[in-house]
Structure formats: C-alpha cells, structure tokens
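Per-entry structural report
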Amino acid sequence: MPKHLCSPHHVLVLNCGSSSLKFAILDATTSDEVISGLAERLGSDTPSIKYKYNGEKQLIELAKGQAHDAAINKLVYLVKNLGLEDKLVAVGHRVVHGGEHFTESVLIDNDVLIEIEKTAALAPLHNPANLLGIRTAQQAFSTLPQIAVFDTAFHQTMPKIAYLYALPYSLYKEHGVRRYGFHGTSHYYVAGEAAKLLGKERQQTNVISAHLGNGCSVCAIKDGKSVDTSMGLTPLEGLVMGTRSGSIDPGLFTFLTQQLNYSVQEIDDLLNKQSGLLGISELSNDCRTIEEAAVEGHPQANLALDIFCYRLAKQIAAFLVPLQRLDALIFTGGIGENSDIIRDKVISHLAFLGLECDEAANLAARFGKEGLISKGQAHVKAFVIPTNEEWVIANDAARIAKEA
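Structure report, in brief.

The rules behind the values
Residues numbered from 1 in each chain as written. Predicted model: local features only at pLDDT ≥ 70, side-chain atom pairs only at ≥ 80, totals over all residues. Heavy atoms only, no water. Helix = DSSP H or I, 4+ residues; strand = E, 2+ residues; numbered from the N terminus. Rg over C-alpha atoms; globule rule 2.2 N^0.38 Å. Buried < 20%, exposed > 50% of the residue type's maximum accessible area, 1.4 Å probe, protein only. Contact = heavy atoms within 4.5 Å. Areas by Shrake-Rupley, 256 points an atom, 1.4 Å probe, with all protein chains shown as cover. Pairing = 2+ DSSP bridges. Axes fitted to C-alpha atoms, helices over the stretch in contact; angles between N-to-C directions. Parallel < 35°, antiparallel > 145°, perpendicular 65-115°, else oblique. Left-handed = near helix turned anticlockwise from the far one by under 90°. Nonpolar A, V, L, I, M, F, W, Y, C, P; charged D, E, K, R; others polar. Salt bridge = Lys/Arg side-chain N within 4 Å of Asp/Glu carboxyl O. Polar contact = N/O pair within 3.5 Å; in protein donor to acceptor, adjacent residues only side chain to side chain. Phe/Tyr/Trp six-rings, centres within 6.5 Å; stacked < 30°, edge-to-face > 60°. Core = buried A, V, L, I, M, F, W, Y, C linked by side-chain atoms within 4.5 Å.

What follows deals with the overall build of the protein. Each helix and strand in the protein was counted, giving 16 helices and 14 strands. In terms of overall size, the protein behaves like a compact globule, its C-alpha atoms giving a radius of gyration of 21 Å where 404 residues would be expected to give roughly 22 Å. With the C-alpha coordinates aligned to their principal axes, the bounding extent of the protein is approximately 55 × 55 × 45 Å. Looking at the protein as a whole, 53% of its 404 residues are labelled buried. Sequence separation of 24 or more characterises 62% of the internal contacts of the protein that already satisfy a separation of 6 or more. If you sum the accessible surface of the protein, you get close to 18500 Å²; carbon and sulfur atoms cover 51% of it.

Written out as structure tokens, the structure is:
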C-alpha cells in the first residue's frame with residue numbers, strides 16, 4: 001500500500017453533473033491525490049468510468065443506460081476493493097446552487113437537503129444531480145459525515161448593488177431572483193494562490209479571476225472577497241461559453257416566441273446548448289477544435305474566438321470599477337490554463353492597463369503549469385494558475401467533519 005494512504009485525512013470528493021460524475025480521494029492537508037476519475041455519458045448507450053490510481057489509468061464500462069446510482073455503487077466497490085475506505089474521514093459534495101441560505105460549507109442533514117431541493121429550480125441541470133449523489137453516498141458510506149460545498153457560497157459577500165437586478169423588488173424578496181454567481185470554489189482557490197505569488201496576504205490583494213472552460217465566469221475579488229461576478233441567477237448569464245450564449249437582450253425571448261414560434265423549452269435549449277462557441281463557429285464547443293480551424297483560416301472559427309475574447313476582456317475591464325486597484329489577472333479552468341491563443345488575445349485588449357504578454361512564458365504555461373505570463377515591468381500581473389476545486393472541497397469537508 002502506498003505511503004500516502006496512511007494519512008488520516010482522506011476525503012472522497014464527489015461532483016455530480018447532469019450526465020457525469022467526477023470523483024477523487026485527496027489528502028485534505030497536503031492535497032495529494034490518491035485516486036481520481038470520471039464517470040461520463042451516464043444514462044446513455046455507452047456509460048463508462050475512467051480512473052487513475054497509482055499512476056495507472058483504468059476503464060470500467062457500465063451497462064447501457066446505467067446512470068449516477070450505478071456509477072456511485074461501482075465507485076463504492078472500487079474504493080472498498082482498493083482498501084481505501086478505512087482512511088476516509090468524510091465525503092465532500094460539490095453543490096452548484098445554495099441560494100442565499102448557504103454562505104459557507106455545511107454538514108448535511110435533512111434540513112440541508114430540503115434547502116438544496118428548494119434551490120433546484122435555480123439550477124435544474126445541476127442540483128437534482130447533486131442531490132442524487134448525496135443520497136446515494138449517504139447509503140453507501142452511512143458512517144461518514146457528508147459535507148456540502150456550494151459554488152455560490154464564495155459570492156455571498158457581494159453587495160446589493162452588484163447582485164440585485166433592476167426588476168420589481170418583490171421578485172427578490174419573494175422568490176430570490178438575484179445574481180448568485182458560480183465557480184466559487186475555483187475563484188476562491190486561485191485568488192489565494194495569486195496572493196502567494198504576489199507575496200501578499202489574501203486580505204491585501206485585489207484580483208480578477210477568469211475561470212474559462214465549457215462554462216466561463218469572471219470574478220472581482222477585493223481584499224480576498226468576491227464583490228462581483230459575471231454569472232447570475234443561473235450559470236447562463238455573462239461570458240460567451242462553450243454552448244451557452246452568455247448575456248443577451250431579453251427582448252430576444254419575445255422575438256423568438258412571437259416571430260419564430262419558439263417554445264420556452266426550445267429557447268432554453270437554444271441559449272444553453274446550441275449557442276456560444278458552438279453557435280458562432282458552427283463547428284464545435286471545444287476550444288481546441290475551434291483554434292485548429294482558425295489557424296487553417298476558417299472564418300467563423302476566427303470570429304468565435306474574437307467574440308469570446310472581446311467579451312471576456314470587456315468584462316474584465318468593467319470589474320475595475322468595484323476593485324479600483326488591480327494587482328493581478330488570473331487565467332484558470334481548462335481553456336484558461338491551456339489556451340495561449342485566448343490568453344494572448346485577451347491581454348492584447350487590456351494593453352491600457354500596462355499589460356503585455358510574455359510570449360515565451362505564455363506558450364510554456366500549459367498542462368498544469370503555474371506562472372507569470374505578463375512582462376515584469378507592468379504593475380498589474382497576469383498569471384496562469386491551475387485550479388483545484390477538489391482540494392477546496394476536501395479541505396472544507398475534513399475541517400467540518402472534525403468539528404462535527
């Protein structure tokens with residue numbers, strides 16, 4: 001048995017998506033990863049689990065149509081078979097939407113489950129899957145404390161001028177209609193890492209974090225706290241994303257329904273699943289595919305990248321208003337960590353800040369590498385910082401389990 005398995009601080013982290021399940025066991029004190037994997041295409045004809053253990057990659061094929069419960073049950077068997085169960089101190093669950101009720105991570109009980117269910121209407125693709133993961137894990141690991149870590153919790157420090165929409169106030173008071181923000185664990189983690197790179201305390205730093213993946217959001221972090229963010233009531237608002245439109249004119253709804261006879265569900269599918277990079281390029285939602293096509297001269301691929309970067313740079317510039325002083329710009333997430341093309345385009349839009357991309361450093365910052373990618377003389381620094389949401393979840397879960 002590997003040495004690191006003797007730690008008493010192992011946490012199983014579960015992140016249930018609508019058709020996927022990411023999992024990992026981490027040492028909450030060191031962030032060392034014991035095992036990690038992804039169950040994908042759940043509920044389809046070809047579901048499977050890919051995982052990495054002791055440096056070796058493995059594949060488990062699931063039966064046709066099997067979904068989250070089968071994947072978690074298979075994971076439970078795997079954990080027990082590898083002798084990892086006895087070292088677990090908690091199970092940490094990523095929960096996308098916590099509404100206003102949850103301002104920090106919590107030990108899960110029946111009251112917590114009821115509140116998570118109440119917010120399901122605000123995240124219909126995510127919270128039901130998160131709840132399924134929690135309930136299945138409760139049955140499988142009945143003696144372990146289960147902790148919920150919310151994507152929205154970090155943003156609960158936003159002031160009303162940032163989170164309220166200019167709608168009738170009753171919609172907020174009676175139905176909780178407001179900006180909540182997401183990717184909170186990622187923004188929190190990279191802000192802390194940026195403070196270390198700057199040689200400052202978290203509470204002394206002002207940074208803008210750009211989490212860029214299939215879902216994208218920007219967060220303004222002042223003195224270590226979230227003061228504004230681009231995603232809103234749902235993860236649809238804000239930046240151009242893989243298949244999501246980001247912010248649009250709400251009048252589009254009237255046009256689509258009255259002029260083109262779209263149903264509400266068709267509009268929802270259009271904005272969430274057919275738009276963004278996919279919609280503009282008409283090629284793919286995968287940034288790598290679009291970049292390859294752009295290099296070959298595909299006009300819509302180039303247009304998709306240009307719109308993506310322009311909108312991102314414009315949002316970053318807007319967040320100078322709440323911050324007043326900016327110490328660093330952070331790129332993270334799958335695209336943020338690996339696309340030198342995106343980073344270069346965005347930084348070129350922000351030249352008025354004194355930012356200039358260091359070409360060699362930018363090209364080198366890929367595949368999990370952290371580093372400064374702007375030229376040293378600028379007051380504002382640009383960093384690539386790989387995110388580690390799993391570690392944030394594991395750390396919170398271990399702390400709360402110890403206190404319970």
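Moving on, we come to the sheet that holds strand E13 (residues 371–372). With mixed pairing, six strands are arranged side by side in an open sheet as E11-E10-E9-E12-E14-E13. Strands at the two margins of the open sheet, each flanked by one partner only, are strand E11 (225–229) and E13.

This part takes up the packing of helix H2 (residues 110–118) against helix H3 (residues 127–140). Remark: H2 packs on H3, axes separated minimally by 9 Å, with the N-to-C direction vectors making an angle of 160°. Classified by the interaxial angle, the pair formed by H2 and H3 is roughly antiparallel. Relative to H3, H2 is oriented so that their crossing is left-handed. Counted together, Leu113, Ile116 and Glu117 of H2 and Asn127, Leu131, Ile134, Arg135 and Gln138 of H3 form the full contact between these two elements. Counted by class, the contact of H2 with H3 contains four nonpolar, two polar and two charged residues.

Tracing the backbone through its elements, the reader meets isoleucine 267 in helix H8 (residues 264–273). Non-local contacts of isoleucine 267, meaning those with residues more than four positions away in its chain, are made with Phe253, Leu256, Thr257 and Tyr262.

Paired through backbone hydrogen bonds, the strands of a sheet run either parallel or antiparallel to each other. One open sheet holds the eight strands; their spatial order is E5-E4-E3-E2-E1-E6-E8-E7, and the pairing between them is mixed. Of all strands in the sheet, those bounded by a partner on one side alone are strand E5 (56–61) and strand E7 (106–107). Two strands pair when backbone bridges link them, and strand E6 (residues 88–95) and strand E8 (residues 146–150) are joined in this way by five bridges, in the parallel orientation. Opposite valine 95, over in E8, you have phenylalanine 150 as the bridge partner.

Geometrically, a packed helix pair is captured by the angle between its two axes and the distance between the axes. Running from amino to carboxyl end, helix H1 (residues 68–81) crosses H3 at an angle of 40°, the nearest separation of the two axes being 10 Å. As summarised for this structure, H1 and H3 are arranged oblique, according to the angle between their axes. Here the hand of the crossing between H1 and H3 comes out right-handed. For the pair H1 and H3, contact is made by His68, Asp69, Ile72, Asn73, Val76 and Lys80 and by Ala129, Leu132, Gly133, Thr136 and Ala140, respectively. Taken together, the residues of the contact of H1 with H3 break down into five nonpolar, four polar and two charged.

Moving on: the pairing of strand E3 (residues 33–40). Most of E3 sits inside the fold, with six of its eight residues counted as buried. Taken together, the six bridges between strand E2 (residues 21–27) and E3 define a ladder with antiparallel strand orientation. When the bridges of E3 are listed, leucine 26 appears paired with glutamate 33. Adjacent in sequence and paired antiparallel, E2 and E3 are bridged by five residues, among which serine 31 carries a positive phi angle near 70°. In the sheet, E3 pairs with strand E4 (residues 48–53) via six bridges, with the strands oriented antiparallel. From the neighbouring strand, serine 36 faces E4, where its bridge partner is lysine 52.

Across all of its chains, the model carries 18 salt bridges by this definition. In this structure, arginine 179 and glutamate 237 form a salt bridge, with 2.5 Å as the shortest nitrogen-oxygen distance. With arginine 179 in the loop between helix H5 (169–175) and helix H6 (184–198) and glutamate 237 in the loop between E11 and helix H7 (251–259), this pair connects stretches of sequence that are 58 residues apart. Taken together, the shared-partner salt bridges connect Glu40, Arg41 and Lys50 into one network.

What follows deals with the side chain of threonine 229. With respect to the helices and strands, threonine 229 occurs in strand E11. For threonine 229, the side chain forms a polar contact with the main-chain oxygen of valine 218, separated by 2.9 Å. If we ignore the near neighbours within four places in the chain, the residues touching threonine 229 are His155, Met158, Arg179, Gly181, Val218, Cys219 and Phe319.

Scanning the model with the defined rule gives five aromatic pairs in all. Centroid distance tyrosine 163 to tyrosine 172: 5.9 Å. Interplanar angle 50°. Geometry classified as tilted. For the pair formed by tyrosine 163 and tyrosine 172, the shared burial category is buried. Pairwise contacts between aromatic rings join Tyr163, Tyr169 and Tyr172 into one cluster.

All right, on to the nonpolar core then. Membership of the largest hydrophobic core comes to 45 residues, with the highest contact counts inside it found for Leu212, Phe308, Leu312, Ile342 and Val346. Listing elements by their share of this core, those giving two or more residues are strand E9 (206–212), strand E10 (216–222), helix H10 (287–295), helix H11 (299–318), strand E12 (328–332), helix H14 (340–349) and strand E14 (381–384). Counting residues per element, this core draws most heavily on H11, which supplies eight residues. Excluding residues within four positions of it along the chain, valine 346 makes contact with Cys309, Leu312, Ala313, Ile316 and Phe331. The next biggest cluster of nonpolar side chains, apart from the first, holds 29 residues, and it includes Ile25, Ile72, Ala137 and Leu144.

The next thing to look at is the side chain of glutamate 193. Tracing the sequence through the fold places glutamate 193 in helix H6. Looking at glutamate 193, the relative accessible area reads 17%, which means it is buried. In this structure the side chain of glutamate 193 is engaged in a polar contact, spanning 3.0 Å, whose partner is the side chain of lysine 196. Contact partners of glutamate 193, with chain neighbours within four places excluded, come to Glu370 and Ile385.

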